[in-house]
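Each chain, letter by letter, is given below.
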Amino acid sequence: MKKILSAVFLHALLLPVANAQSKLFDQEVQLKTCNISIDANPFTATTFIEMEFYNPKNVEVEGHQNFKLNNGQVISAFQLDLNGKYRDGSIEERWKANNAYSRIVGKRIDPAIIQMEYDGSYTLRIYPIPAHNSRKITLTIDQLMLEDSMKLGYMLPLNFLSTTENFSLKVNVFNTGTTPVCNKGFLQNSAFEIKGNMMVSDIVLKDVKLNQPVSFYIPLKANMPLLCISKEEGISRFLMRLTPQVPKYYTVKPLSIAVFWDVSASGDKRNINKEIDFLEEYIISNRINLITLTLFNQKVKEAQVLSVTTRNLNYLKKHLLNYSYAGATCFGNLDFENAKADAILLFSDGYNSIGKDLPTASTIPVNCITSGKTFDQSHLINICSESGGRFINLYNTEIKNAVNKIDQAENFLVKYASALQSVSLNENFPMKVAKNMLLSGTFKNKDNLQLIFGNSGATNQIENISLQETDHCGKDIYKKVKMLKSYDSMVNSGYWQNMVYFGLQEKVVTKQTSFLVLERVEDYIKYNIAPPKELEQQCAEMNYVYKNENKIRSLKTFSEQDALQETVTSYNKYIKWWNAKETLTSSPKTDPF
């Protein structure tokens, strides 16, 4: 009897080991086949990739593949092959997709998931891949075509270690007016040929390691704006690439200046005498006739307007030298936007010690001047560079050389107008002038767009562009550009709620949203996952109707509930400290979708 019990006990111990050995998780697999198709135009590029992953092991595995994309490349679709037919992935919150994937893998049922680990780094998991067999997936990647040195560049990084048996690549470029050029990588020995209304380059390779990029660029013509116009519901939507005929910088001859002088306690670490000498030299060299002086620390201490006379300059010097420097520093209290001057001079060490750290933005040049051994250079540059001004370090610069540096201002696309007032642009103004600028907006019928360059103090140039109703672009491209222009700022914002809302709304992968494919309709229902279109009817017949807009609305409500609860908790803490017998307050509860 003891022998039997011992055998049973030994069998129970070994059974989990045997089960674990029958399947392997987190296994790198061979990329057996890869087919890449790229459709590019002057505004966007869409990359479709079909990949077949092969398992060379004697047991089934969970296929695991890490890969990288460049900034601005966005995964907008994902599919898994199920019995010879591709099924679309569902976009879900990252935690929910992970939960469903992990639970279903334990049941040996087909799921696949793709998610962002951190900026530009992604993980793909597929389960199961049978022994000596393969599984197929597809990815769709969208991106803006970004300008650099009058070229619109495309580069897809490939960093697979295994040898790929079959590789095909096809690039189609539309509506450019110029011939694309192949860069280093898999296209370096290729060229583009005209085929109908597009330029095409394609290659087919056998037994190759995909460890080089796919790269090409589209040359731009300086005098040829590129327009893409589509019409929908009586409104014409347009995209435009423009090479402004205005110089980036122009010589400044200011007659009035606004001086913002930091009088916080850290002033004793600055060379106040040298800063005053610089200010005096700047005023005399530029023949300034009016000065608006603002003294500040954690708040604005005083403001006065001085005409430039010998008496007033002596008063200014004495006033700044004898002032009692004390307190903290808050740049957020400074109003640069409404400064009545041709230029702004900010004297500070750049350390923001309390409150909001940036003044209101200005389109007149903001020049930041410091003089001590220690200063926050990156913050000062951040303040002045947005306006086209300069950062001056008097600690290691002679006064005359420093004054000569502040002789140019930067042109901005300040605003726009239209003859019939039907044009609406999506961009935020003012915009920095670049060699090539991407604009988007809407108009009705036929209108003339005026782009006004300069700054708040001067209009230096106006460019006119005729907009006429045509319909030579796909309707999706306008929405795609709008999404892609928002993507980077959203991902870098750091707010997880924004990433969830954006990912669900636009159906793209973010740090907080993932694509997931399941096999059984019951699992979509059980884990509350949005079903693909092919399963919507079957889900409805099982009384499961998933509405994305309700999901987003519920998530927003839940996030507001979190913020309210945090406030209530903090309030109760002080109530309890004040009076332990006082009744505590509570917030209404809302369950997430």
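Residues numbered from 1 in each chain as written. Predicted model: local features only at pLDDT ≥ 70, side-chain atom pairs only at ≥ 80, totals over all residues. Heavy atoms only, no water.

Look at helix α3 (residues 272–285): 20 Å from first C-alpha to last across 14 residues, which is about the 20 Å you get at 1.5 Å a residue. Residues I272, K274, E275, I276, F278, L279, Y282 and I283 constitute the buried set of α3. Considering only its buried residues, α3 is in contact with β21 (256–262), β22 (290–296), α4 (310–322), β24 (343–347), β25 (366–370) and α6 (399–405). Backbone geometry just after α3 places R287 at a positive phi near 55°. (Helix = DSSP H or I, 4+ residues; strand = E, 2+ residues; numbered from the N terminus. Expected span 1.5 Å × (residues − 1). Buried < 20%, exposed > 50% of the residue type's maximum accessible area, 1.4 Å probe, protein only. Contact = heavy atoms within 4.5 Å.)

By size, the foremost hydrophobic cluster in this structure holds 88 residues, and its most contacted members are I75, L169 and F216. Looking at this core, the element that brings in the most residues is helix α7 (residues 475–491), giving eight residues. Residues L279, Y325, A343 and F347 belong to the second largest nonpolar core, which totals 30 residues. (Core = buried A, V, L, I, M, F, W, Y, C linked by side-chain atoms within 4.5 Å.)

What follows deals with the packing of α3 against α4. Interhelical geometry of α3 versus α4 gives an angle of 160° and a closest axis separation of 10 Å. The angle between α3 and α4 places the two elements in the roughly antiparallel class. Taken as a pair, α3 and α4 cross one another with a handedness that is right-handed. Judged by residue contacts, I272, N273, I276, D277, L279 and I283 of α3 engage L313, L316, K317, L320 and L321 from α4. Among the residues forming the contact of α3 with α4, the class breakdown is eight nonpolar, one polar and two charged. (Axes fitted to C-alpha atoms, helices over the stretch in contact; angles between N-to-C directions. Parallel < 35°, antiparallel > 145°, perpendicular 65-115°, else oblique. Left-handed = near helix turned anticlockwise from the far one by under 90°. Nonpolar A, V, L, I, M, F, W, Y, C, P; charged D, E, K, R; others polar.)

Before going further, it helps to examine the layout of surface pockets. Here the idea is plain: a probe the size of a water molecule rolls over the atoms and shows the empty space left. Quantified by volume, the largest pocket comes out at close to 880 Å³. As for the largest pocket, its lining consists of 31 residues, and the residues nearest its centre are L144, L146, L438, L484 and K485. Of all the secondary structure elements, the ones that give two or more residues to the lining of the largest pocket are β10 (133–144), β11 (146–148), β12 (151–156), β30 (431–432), β31 (437–443) and α7. It is α7 that contributes the most residues to the lining of the largest pocket, five residues altogether. (1 Å grid on protein atoms, 1.4 Å probe; cavity = no way out; pocket = protein on both sides within 12 Å on 5 of 7 lines; lining within 4 Å. Points joined across faces, edges and corners; volume = space filled by probe spheres on them.)

As a further point, take the side chain of T370. With respect to the helices and strands, the residue T370 is situated in strand β25. For T370, a relative accessible area of 0% corresponds to the buried category. Separated by 3.0 Å, the side chain of T370 and the backbone oxygen of S348 make a polar contact. For T370, the residues in contact, after removing those within four places along its chain, are E275, S348, D349, F375, L380, F391, I392, N393, L394 and Y395. (Polar contact = N/O pair within 3.5 Å; in protein donor to acceptor, adjacent residues only side chain to side chain.)

Turning our attention to the packing of α7 against helix α8 (residues 496–506). The geometry of a pair of packed helices is captured by two quantities: the angle between their axes and the separation between those axes. Interhelical geometry of α7 versus α8 gives an angle of 155° and a closest axis separation of 10 Å. In terms of orientation, α7 and α8 fall into the roughly antiparallel class. Relative to α8, the crossing made by α7 is left-handed. Two secondary-structure elements touch here, α7 through M483, S486, Y487, M490 and V491 and α8 through N498, M499, F502 and E506. Here the contact of α7 with α8 is composed, by residue class, of six nonpolar, two polar and one charged.

Time to look at the state of the cysteines. Tallied over the full model, the rule gives one disulfide. With its sulfur 1.9 Å from that of its partner, C228 forms a disulfide with C473. Of the two residues, C228 sits in strand β18 (residues 226–232) while C473 sits in the loop between β33 (458–468) and α7, which places them 245 residues apart along the sequence. Both residues of the pair, C228 and C473, belong to the buried class. This cysteine, C368, is not joined by any disulfide, and C384 carries the nearest cysteine sulfur, 4.1 Å off. (Disulfide = S-S within 2.5 Å.)

This brings us to the sheet that holds β30. In space, the four strands of this open sheet follow the order β30-β28-β32-β33, with antiparallel pairing throughout. Each edge of the sheet is formed by a strand with only one pairing partner; in this case those strands are β30 and β33. Across ten bridges, strand β32 (residues 446–455) lies against β33 in antiparallel orientation. Following the sheet pairing, D447 is matched in β33 by L467. (Pairing = 2+ DSSP bridges.)

This brings us to the confidence of the model for the protein. Per-residue confidence for the protein averages 86 on the pLDDT scale, and 87% of its residues sit at or above 70. Taken as a whole, residues 1–21 scores under 50 in pLDDT and shows one contact with residues more than four places along the chain or in a different chain. (pLDDT = per-residue confidence, 0-100.)

As a further point, take the sheet that holds β31. Spatially, β18-β19-β31-β29 is the arrangement adopted by the four strands of the open sheet, whose pairing is antiparallel. Either end of the sheet is taken by a strand with one partner, and the two such strands are β18 and β29 (424–425). Of the pairings in the sheet, the one linking β29 to β31 comprises two bridges and is antiparallel in character. In the strand pairing of β31, S424 is matched with T442. The sheet strands contacting α7 are β18, β19 (235–242) and β31, and the helix crosses β31 at an angle near 125°.

Tallying each qualifying case throughout the model produces 14 aromatic pairs. Ring centres of F167 and F186 lie 5.2 Å apart, and the angle between their planes is 50°; this geometry places the pair in the tilted category. You can see F167 sitting in strand β13 (residues 163–174) and its partner F186 sitting in the loop between β14 (181–182) and β15 (193–195), a full 19 residues away along the chain. There is no split in this pair, since F167 and F186 are both buried. Between the aromatic rings of F278 and Y282, the centroid separation amounts to 6.3 Å while the plane-to-plane angle is 25°, which identifies the pairing as stacked. Taken together, the residues F278 and Y282, both in helix α3 and four residues apart, mark about one turn of the helix. There is no split in this pair, since F278 and Y282 are both buried. One Lys or Arg, K151, reaches over the ring of Y217 and ends 4.5 Å from the middle of that ring. (Phe/Tyr/Trp six-rings, centres within 6.5 Å; stacked < 30°, edge-to-face > 60°. Lys NZ or Arg CZ within 6 Å of the ring centre and 35° of its normal.)

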